[in-house]
Each structure stands twice: as structure tokens, then as C-alpha cells.
There are 2 protein chains.
Amino acid sequence: MGLLEQTLSQIQPLDLALATPAQARLDQLTKPRGSLGRLEDLAARYVLITGKARPRVDSKVLFVFCADHGVSAAGVSAYPREVTAQMVLNFLRGGAAITVLARQLDITVKVVDLGVDADFDPQSPGLIQSKIARGTANLAEGPAMSRAAALRAVEVGIALAEEVVRHGAQLLGVGEMGIGNSTAAAALLSAFSGIPPEELTGSGTGIDETTRHRKAEIICRALACNHPDPTDPLGVLAQLGGYEIAGIVGVCLAGAARRVPVVIDGFIATAGAWVACALRPEVKDYLIFAHLSAEQGHRRVLAALQVQPLLDLGMRLGEGSGAALGMSLVESAVRLFNEMATFAEAGVTNQD
Amino acid sequence: MGLLEQTLSQIQPLDLALATPAQARLDQLTKPRGSLGRLEDLAARYVLITGKARPRVDSKVLFVFCADHGVSAAGVSAYPREVTAQMVLNFLRGGAAITVLARQLDITVKVVDLGVDADFDPQSPGLIQSKIARGTANLAEGPAMSRAAALRAVEVGIALAEEVVRHGAQLLGVGEMGIGNSTAAAALLSAFSGIPPEELTGSGTGIDETTRHRKAEIICRALACNHPDPTDPLGVLAQLGGYEIAGIVGVCLAGAARRVPVVIDGFIATAGAWVACALRPEVKDYLIFAHLSAEQGHRRVLAALQVQPLLDLGMRLGEGSGAALGMSLVESAVRLFNEMATFAEAGVTNQD
């Protein structure tokens with residue numbers, strides 16, 4: 001049995017055994033019941049996901065998967081293809097948004113090359129080099145990846161997530177970098193959700209209306225020529241996805257299998273999350289959607305997934321920037337759950 | 001000239017001189033323009049407030065002002081009056097929500113007794129003892145405070161904020177604790193905004209519908225017997241407010257005078273912010289509203305103030321818990337502004 005199948009077989013529905021004791025503890029903490037709002041829901045879910053009555057968030061790891069896209073040649077982005085590789089170097093030097101946020105919020109960032117169209121110095125410190133190909137083929141002309149290549153990328157994501165969990169990671173996050181990848185994400189999300197491409201085609205890094213219409217047409221062509229079958233999620237991923245999106249799928253699956261929550265970034269990471277949920281619907285309960293992206297269509301997609309994002313700050317950068325902020329909120333929720341005094345401990349008179 | 005008048009005279013309109021260079025820097029950072037959404041707006045505003053081209057957020061201080069309310073005897077809260085003092089001790093021991101969040105987010109909490117109905121040990125470590133009275137009088141029967149007492153509480157807030165700013169605080173936050181204070185806050189906000197009390201009367205710490213109606217009636221009575229005149233904000237504060245709310249007013253004014261941003265917590269802190277803005281409308285530009293509270297009426301009040309909160313997590317605890325999360329977002333915004341590489345520095349190809 002391959003790593004993917006093995007991982008899928010280990011994913012269990014959320015164990016609800018701890019729901020009652022978790023709620024009981026929340027109700028004994030020195031605050032009016034429910035007054036921490038969604039932070040209370042988050043803490044309770046964290047308990048159920050991890051299966052630990054008093055879980056902790058001492059180690060947070062965020063993966064930034066990077067890859068290029070054949071479709072970038074069709075002019076679907078405001079930036080040229082070489083920006084993917086340039087941004088990888090920016091991540092490694094700490095000058096990108098995600099690396100700034102990670103320093104503030106005490107998150108370990110793992111930068112992973114799964115398919116960047118560039119040769120990096122094999123000694124590049126901090127870069128995980130797992131390149132499968134120098135970018136995908138153009139999804140508008142046929143499959144973006146072979147099924148085998150997509151599977152390999154998913155399994156790299158699984159293996160990396162399992163490794164950091166073995167080393168103590170208690171909260172995972174996923175982000176991405178790849179010029180052209182909002183086109184791939186919109187195609188995937190349209191194929192799975194049935195929402196028309198036009199409604200899921202946003203301005204990405206900042207394209208004008210003419211380019212946006214071309215982008216929507218390209219997605220229509222991609223759907224027409226690939227005939228994606230949503231009941232075969234790995235096949236759809238291979239046809240329409242990208243290597244970095246496949247890596248995200250892997251982390252989502254491994255997180256669910258290992259009972260470690262995975263915080264999802266924006267529009268593109270949501271496409272990876274959807275593939276993971278299509279492979280095994282139970283995965284959804286292990287995922288936390290960090291924020292509502294300003295990218296057109298994200299709201300509809302999250303509604304279709306029946307999930308509610310934590311933040312709405314008009315962000316649309318990717319890289320895991322929204323996930324980093326969300327991970328900090330999850331840490332807040334779990335710390336409140338663990339560290340607040342109960343009414344009895346603090347000698348505070350309770351409502352009853 | 002007293003401290004209040006002196007502080008009011010020092011408040012200037014936002015200096016827009018740095019708006020263009022701040023935007024220019026934001027547009028040169030390695031990200032698509034505008035893609036950090038509201039974090040970019042926050043960073044730009046932070047530059048304008050501080051008047052520094054490259055401001056920093058190395059020191060964050062949050063005040064939790066505590067006081068009791070005469071109206072608590074009327075049964076407007078789900079908790080008895082003694083909980084105010086009990087929670088002060090919980091703050092000092094680090095077992096309350098705000099103290100847990102402050103530890104995570106590297107915020108210094110200053111707990112201030114401005115009017116708690118209890119005698120604390122004069123040596124209580126960490127407690128700033130500036131008690132003006134053991135609680136207010138019942139606002140439904142006459143003025144809650146004398147004008148002189150309200151002024152003193154405002155000036156304590158000013159003096160405390162000035163002291164921490166002198167010692168290097170670069171970002172201030174305000175929260176509160178006081179059983180009964182959502183009644184005072186609703187009365188104040190109704191007097192200033194003209195929104196009917198019934199629409200601003202929420203369930204506070206968790207009262208039932210019957211109690212909520214009684215609470216709304218009490219607020220109506222308070223407005224009827226005090227005849228608040230919104231053109232005399234200090235007078236309205238004295239009639240309807242509380243000592244902790246007055247402290248918040250002081251911090252808002254001092255922040256504006258010293259050009260240090262002040263992050264406002266929820267419903268009750270917003271009442272203090274409104275009084276400060278009524279005293280000097282320019283103050284509003286120095287305030288950052290952290291979150292939309294679940295307390296009924298907060299949405300309407302923020303809309304009336306024409307401000308947009310950063311977070312919407314269904315929180316309604318007070319203490320500064322929402323402000324703490326907001327302060328972390330402000331820090332994120334300023335760090336991104338300062339620490340991200342420009343396109344030129346990182347050798348990343350720009351859109352143009």
C-alpha cells in the first residue's frame with residue numbers, strides 16, 4: 001500500500017468523546033459562558049482533533065509549497081513566471097510577508113520547492129528541494145501533471161508533515177507561491193463545486209478586467225479539454241492542479257491522519273483543502289480556515305464547503321500570510337483553554 | 001490649565017505629510033499592491049499617527065481599568081458586584097483571559113483600580129491603586145459621579161498613559177472590568193448617538209430577556225432623570241459613566257496628544273472612546289477599533305462612529321481581550337511595513 005492510501009486509511013472521523021469535558025472546562029473558566037465566542041469553539045475543536053484533554057500549541061509549522069505553472073505562459077498573471085523562483089529566495093532571506101509574520105508569531109516556516117522552474121543551489125540553506133518537474137504543463141491544453149507526478153507531490157506533502165509532527169509540531173499551516181496558480185485553483189474549485197469559472201476567476205496578483213476575462217476563458221477551456229471527474233479527486237488534481245497545491249493536499253491528509261489541526265490560507269490553499277476533503281470527507285473537521293481572501297469567489301467556495309473563516313482583512317497575498325495570523329488565533333484559543341483559572345481556582349463567584 | 005485642558009489643547013489633526021511616502025513604500029514591498037488588505041491601511045495609519053516614517057511596535061501596553069457601579073444593586077448583571085474585586089485579583093495572578101493573551105502576545109498589562117468597592121492590600125504587586133470612590137452612585141437615580149470625580153478619573157487615565165509613553169510604549173490598548181458597566185456604557189452611547197436604549201441594551205455577561213428589559217428601562221430612567229447634554233461630554237460622562245470608562249477616556253486623549261495609537265476593546269471601551277471623540281473629534285483618527293463585540297448594539301455604534309473593527313469573533317468578554325488580539329494585528333502590520341524587502345532589495349521583478 002502506498003503512502004497516500006495508507007494515510008487515507010488512517011483518517012478517522014472526529015472523536016467526540018472529549019466534547020463534554022471540553023465544554024465543561026470552558027464553562028468553568030473565569031468568564032461569562034461563551035463570552036470568548038469563536039475562540040471557545042476553536043479550543044473545543046482543538047481538543048477533539050488532538051484527542052487530548054489539555055492540548056498545547058508549543059510548536060507551529062507552516063509549509064510554503066512553491067511551483068510553476070504552464071498556464072503562466074498564457075498571460076494570466078500580473079507578474080512574470082520568474083517571480084516564483086525570486087520569491088523563493090526572498091522567503092529564504094526572510095524578506096517576504098510570510099517570513100516577517102512567522103518571526104513575530106513564532107512559527108517555523110518550511111519552504112518547499114515542488115516544481116519551480118529554476119535550479120536552486122543544492123546547498124540553499126532552509127530550502128527543502130523536492131522538485132518533481134520544472135512546472136506543470138498548460139492545463140488549457142491537457143493535463144497539468146501526470147497522475148503519477150501528482151501522486152508523488154501529494155506524498156511529499158504527507159511525508160514532510162509527518163516528519164515535522166514526529167519532531168513535535170502541534171499545529172500545521174499551509175501556504176503557497178506559484179505565478180499562475182490562482183488559475184489552477186479556480187479550475188479545481190470549479191470542477192469540484194460546480195460553480196461557473198467566471199464566478200471563481202479573480203484578479204489574482206492584480207490583473208485588469210480584459211486579462212481576467214481571458215483567464216476565465218482559459219479555465220473554461222481547461223475544464224472542456226480535461227473532462228474532470230470529481231469522483232476521482234487525484235485525477236482532477238493531476239489535470240487542473242499544480243505541484244504546490246498537491247503538497248497542500250498532502251499536509252491536509254497527514255494532519256487529519258495524525259490528529260494535528262491544519263490551518264488553511266486563502267483561495268489557492270482552499271483548492272488543496274477541497275481535494276483533500278474530496279479524497280476523504282472526514283478531513284474537513286481537521287482543517288481550520290484562516291481567512292476570507294479578497295480573491296473573487298473565495299466567499300462562495302467557503303460557503304459551499306460550509307466552513308466559516310476566522311478573519312476577514314481583505315488579504316489576497318497567499319504565501320500562508322493569512323494562515324499565519326489564523327495560527328496565532330488558534331494558539332490564543334488553546335492557551336485560554338489551558339491557562340485561564342477556573343471560578344473555583346480564582347475564588348470568583350460564578351453565575352449560578 | 002488642568003491636565004485635561006492641557007491634553008485637549010495638544011491634540012492635532014492627523015498629519016498627512018507622510019501619507020505619500022508611506023504608500024510609496026507599501027507599493028515597493030515584495031507583494032502585489034494592496035494584497036495585504038487592511039494590514040496595509042493599518043500600517044499607513046500608524047505612520048500618520050506617529051509621524052514616523054519607519055515606526056516600530058516594540059512596546060505594547062494595555063490598561064485594564066476597574067470600577068464598580070451603583071446600578072449593579074438593581075440586578076442588571078448575571079454576576080454579583082463582588083466579582084469586580086475578585087477579578088482584579090485574578091488579573092494580578094495571571095488567571096484571567098486578558099492576562100493569558102498578554103503573555104502570548106507580549107503585551108504589558110496595567111491593572112488600575114479607579115473605583116472598585118473593595119480594599120486591596122496596599123502592597124498588592126502589580127495593582128495601580130488610584131481609587132476615586134468605592135463605585136459610582138446609581139445612574140437611574142441621579143448622576144453616577146460628580147463632575148470633579150469624573151474629571152479626576154479622566155486625568156488619572158491621562159497621567160498613566162503619559163507615563164508609559166515616556167517609558168517607551170509605542171502602542172496602547174484599553175479594556176475594563178466592572179460589574180454593571182454595560183448598563184453605563186449603553187446609557188452613554190445612547191445619550192451621544194441618539195440610538196434608543198432598547199437597541200443598545202445587550203445581554204452583557206449573560207442575562208435573560210426579562211432582566212434585559214429591566215436593564216433597558218433603567219437606562220431610560222437614567223436618561224430621563226439626568227437630562228444628558230451631548231455638547232458637554234464631561235458632564236454626560238459624570239452623569240452616566242463609570243470610573244473605569246473615564247480612565248479609558250483619558251488614555252484615548254493622551255494617546256492622541258502624544259501621537260501614540262490606542263486600540264479600543266469592545267462595547268464598553270467604545271463608550272469611553274466616544275466620550276473622548278466628543279471632547280475632541282480629532283481623537284478618532286488615533287483610535288483603532290479592535291473587534292465587533294457580540295454585545296447587542298456594538299455594530300450600530302461602530303457604524304455611527306463610521307469606524308470598521310478589525311475582528312469579528314463573537315467575543316463579548318471585555319477586559320481588553322479583543323484589544324489584545326487587535327494589538328497583535330497592528331504589530332503585524334507595522335512589522336510587515338518595516339521588515340519586508342522591497343522589489344529592488346530582493347531582486348524580484350515588479351509588475352511594471
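Since we're looking at a predicted model, the values are computed, not measured.

Our next topic: the state of the cysteines. Residue and element names in this part refer to chain A. For the coordinates displayed, the defined rule picks out zero disulfides over all chains. Of all cysteine sulfurs, the one in C220 lies closest to C225, which takes part in no disulfide; the gap is 12 Å. Cysteine C252 remains unbridged, with the sulfur of C277 as its closest cysteine sulfur at 7.0 Å. Its relative accessible area of 0% is what places C252 among the buried residues.

Mapping chain B onto chain A calls for a rotation angle of 180° and an axial translation of 0.0 Å; the resulting RMSD is 0.0 Å. Considering both components of the superposition, the chain copies are consistent with a two-fold axis. Identified as the residue of chain B closest to the rotation axis by C-alpha distance is L311 of chain B, at 3.3 Å. Of all interface residues in chain B, 100% are interface residues in chain A too; the two copies therefore contact each other through one and the same surface.

One pass over the full model with this rule turns up 32 salt bridges over all chains. Salt-bridge contacts for E331 of chain B lead to R335 of chain B; the nearest nitrogen and oxygen are separated by 2.8 Å. With a gap of four residues between them, E331 of chain B and R335 of chain B both fall in helix α14 (residues 321-339), about one helical turn apart. E339 of chain B serves as the salt-bridge partner of R335 of chain B, at 3.5 Å between the closest nitrogen and oxygen. In this pair, R335 of chain B and E339 of chain B both sit in helix α14, four residues apart, roughly one turn of the helix. Within this structure, K60, E331, R335 and E339 of chain A together with R103 of chain B form a network of salt bridges that share partners.

With that settled, consider the interface of chain B and chain A. On the chain A side, the residues contacting the 55 residues of chain B number 55 residues. Both sides of the chain B and chain A interface together cover about 4,400 Å² of buried area, and 58% of this is carbon and sulfur. The largest per-residue losses of area from chain B upon contact with chain A belong to Y79, Q104 and L313 of chain B, which jointly make up 14% of the total buried on that side. Counting the contacts that link chain B with chain A gives two salt bridges. Counting the contacts that link chain B with chain A gives 22 residue pairs in polar contact (both at pLDDT 80 or more).

Residues and elements named next belong to chain B. Sheet analysis places strand β1 (residues 60-67) next to strand β2 (residues 108-115), joined by seven bridges and oriented parallel. Bridging across to β2, L62 finds its partner in V109. The pairing of β2 with strand β3 (residues 127-129) spans three bridges and is classified as parallel. Its bridge partner lying in β3, V111 is registered against L127.

Residue and element names in this part refer to chain A. By the criterion of burial, strand β1 (residues 60-67) is predominantly enclosed, with eight of the eight residues buried. Alternating positions in β1 separate into two faces, K60, L62, V64 and C66 on one and V61, F63, F65 and A67 on the other, with burial throughout. Where β1 and strand β2 (residues 107-115) come together, eight bridges link them in parallel fashion. Within β2, the residue paired with K60 across the bridge is I107. Strand direction decides the pairing type here: β1 and strand β4 (residues 171-177), joined by seven bridges, are parallel. By the bridge assignment, C66 is partnered in β4 with M177.

What follows is about the layout of surface pockets. Its boundaries defined by the atoms lining it, the largest pocket holds a volume of some 500 Å³. In terms of lining residues, the largest pocket is bounded by 22 residues, among which L311 and D312 of chain A together with L310, L311 and D312 of chain B are the most central. For the second largest pocket, the calculated volume is near 330 Å³. Lining of the second largest pocket is provided by 22 residues; of these, D106, E331 and R335 of chain A together with Q104 and L105 of chain B occupy positions nearest its centre. Counting only elements with at least two residues in the lining of the second largest pocket, the list comes to α5 (97-105) and α14 (321-339) of chain A together with α5 (97-105) and α14 of chain B.

With that settled, the discussion passes to unusual backbone geometry. Residue and element names in this part refer to chain B. If you check the backbone angles, D106 has positive phi at about 60° while not being a glycine. Here D106 shows up in the loop between α5 and β2. One non-glycine residue with positive phi stands out, namely Q306, at about 60°. Its location among the elements puts Q306 in the loop between α13 (298-305) and α14.

So, about the packing of aromatic side chains. Any aromatic ring pair is given by two values, namely how distant the centres are and how the planes are angled relative to each other. Throughout the structure, instances matching the rule amount to four aromatic pairs over all chains. Where F63 of chain A meets F65 of chain A, the ring centres are 5.6 Å apart and the plane angle is 10°; that geometry is what we call stacked. Residues F63 of chain A and F65 of chain A agree in their burial class; the two are buried. A centroid spacing of 6.2 Å and a plane angle of 15° characterise the contact between Y79 of chain A and F343 of chain B, whose relative ring orientation is stacked. Of this pair, Y79 of chain A sits in the loop between β1 and α4 (83-93) while F343 of chain B is found in helix α15 (residues 343-346), placing the two residues in two different chains. Relative accessible area serves as the criterion here: at 7%, Y79 of chain A is assigned to the buried category. Its guanidinium or amino end placed over the ring of F337 of chain A, R25 of chain A lies 5.6 Å from that ring's centre, counting from NZ or CZ.

Moving on, we get to the environment of E40 of chain A. Residue and element names in this part refer to chain A. Its location among the elements puts E40 in helix α3 (residues 38-50). Judged by relative accessible area, which is 5%, E40 ranks as buried. Residues E40 and A273 lie 233 residues apart in sequence; the distance between their C-alpha atoms is 24 Å. Here E40 is in contact with L26, K31, P32, R33, G34 and S35, once residues within four sequence places are set aside.

Right, let's get into helix α12 (residues 267-279) of chain B. All names here are of chain B. In a regular helix each residue adds 1.5 Å, so 13 residues correspond to 18 Å; α12 covers 19 Å between its end C-alpha atoms and thus fits that length. Within α12, twelve of the 13 residues are buried, leaving the element largely enclosed by the surrounding structure. For α12, the set of buried residues is F267, I268, A269, T270, A271, G272, A273, W274, V275, A276, C277 and L279.

This part covers the environment of A344 of chain A. With respect to the helices, strands and loops of the structure, A344 of chain A is situated in helix α15 (residues 343-346). Residues A344 of chain A and T30 of chain A, 314 residues apart in the sequence, show an inter-C-alpha distance of 8.8 Å.

Further remarks concern the domain arrangement of chain A. Residues and elements named next belong to chain A. The domain boundaries assigned to chain A delineate domain 1 (3-54 + 337-346) and domain 2 (61-330). Computed from C-alpha atoms alone, the centre-to-centre distance between domain 1 and domain 2 is 28 Å. Counting residues at the interface gives 19 residues for domain 1 and 31 residues for domain 2. When the two sides are added together, the surface that domain 1 and domain 2 hide from each other amounts to roughly 2,200 Å², 63% of it contributed by carbon and sulfur. Of all residues in domain 1, L4, R38 and I49 bury the most surface against domain 2, accounting for 27% of the area lost on that side. Our count for the domain 1 to domain 2 interface comes out at zero salt bridges. Where domain 1 touches domain 2, the interface holds eleven residue pairs in polar contact (both at pLDDT 80 or more). Where the side of domain 1 that touches domain 2 is concerned, the elements lending two or more residues are α1 (3-10) and α3. It is α3 that provides the largest number of residues to the side of domain 1 that touches domain 2, a total of eight residues. Split by residue class, the side of domain 1 that touches domain 2 holds eleven nonpolar, five polar and three charged.

Conventions adopted
- Residues numbered from 1 in each chain as written.
- Chains lettered and ligands numbered in written order.
- Predicted model: local features only at pLDDT ≥ 70, side-chain atom pairs only at ≥ 80, totals over all residues.
- Heavy atoms only, no water.
- Disulfide = S-S within 2.5 Å.
- Buried < 20%, exposed > 50% of the residue type's maximum accessible area, 1.4 Å probe, protein only.
- Least-squares fit on C-alpha atoms with pLDDT ≥ 70 in both.
- Contact = heavy atoms within 4.5 Å.
- Salt bridge = Lys/Arg side-chain N within 4 Å of Asp/Glu carboxyl O.
- Helix = DSSP H or I, 4+ residues; strand = E, 2+ residues; numbered from the N terminus.
- Buried area = accessible area lost by both parts, 1.4 Å probe.
- Polar contact = N/O pair within 3.5 Å; in protein donor to acceptor, adjacent residues only side chain to side chain.
- Pairing = 2+ DSSP bridges.
- 1 Å grid on protein atoms, 1.4 Å probe; cavity = no way out; pocket = protein on both sides within 12 Å on 5 of 7 lines; lining within 4 Å.
- Points joined across faces, edges and corners; volume = space filled by probe spheres on them.
- Phe/Tyr/Trp six-rings, centres within 6.5 Å; stacked < 30°, edge-to-face > 60°.
- Lys NZ or Arg CZ within 6 Å of the ring centre and 35° of its normal.
- Expected span 1.5 Å × (residues − 1).
- Domains from an automatic or database assignment.
- Nonpolar A, V, L, I, M, F, W, Y, C, P; charged D, E, K, R; others polar.

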